[in-house]
Amino acid sequence: MVERLSAEARKAAFKELSGWSEVSGRDAIARTFTFKDFNEAFGFMARVAVVAEKSDHHPEWRNVYKTVEVVLSTHDADGVTQRDVDLAKAMNTIAGQLGQS
Ligand SMILES: C[C@H](O)[C@H](O)[C@H]1CNC2=NC(N)=NC(=O)C2=N1
């Protein structure tokens, strides 16, 4: 059973999660990625989907043209866990490789 992060653990995690913020009113983290065009945005989602399946941890996301809005939370724990931090880091890495603006 994966556990929700304590307040201090989350604060520490945020130091390495550039671009992410807390969701007000919900134990979740969020980031909006903006790419060059739809093709890059969808390429990002395709690469993340592979990571999500491999780690059995899935994002809540919305794509409009070249933007991808992402919210991460662990449904089984009803809040932010290390899995969310790990997936957020992976997303930042993938976005960086794609030249996210
Ligand atoms: C059965 C399956 O392993 C679980 O439902 C996984 C799937 N992906 C998941 N994704 C997220 N974000 N939270 C979960 O609790 C979760 N649980």
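The rules we used
- Residues numbered from 1 in each chain as written.
- Predicted model: local features only at pLDDT ≥ 70, side-chain atom pairs only at ≥ 80, totals over all residues.
- Heavy atoms only, no water.
- Helix = DSSP H or I, 4+ residues; strand = E, 2+ residues; numbered from the N terminus.
- Buried < 20%, exposed > 50% of the residue type's maximum accessible area, 1.4 Å probe, protein only.
- Phe/Tyr/Trp six-rings, centres within 6.5 Å; stacked < 30°, edge-to-face > 60°.

**Q** Help me out: how do you make sense of the environment of Trp61 in this one?
**A** Take Trp61: it is sitting in strand E3 (residues 60-64). On the accessibility criterion, Trp61 (29% relative accessible area) is partly exposed. For the pair formed by Trp61 and Arg31, sequence separation is 30 residues and the distance between their alpha carbons is 9.7 Å.

**Q** I would appreciate a short explanation of the packing of aromatic side chains in the present structure.
**A** Within this structure, the stated rule accounts for five aromatic pairs. Ring geometry for Phe33 and Phe35: centres 6.3 Å apart, planes at 20°, overall stacked. Taken as a pair, Phe33 and Phe35 share a single burial class, namely buried. Judged by centre distance (4.8 Å) and plane angle (40°), the ring pair of Phe33 and Phe44 falls under tilted. Of this pair, Phe33 sits in strand E2 (residues 29-34) while Phe44 sits in helix H2 (residues 38-55); the two residues are eleven residues apart in sequence, bridging distant segments of the chain.

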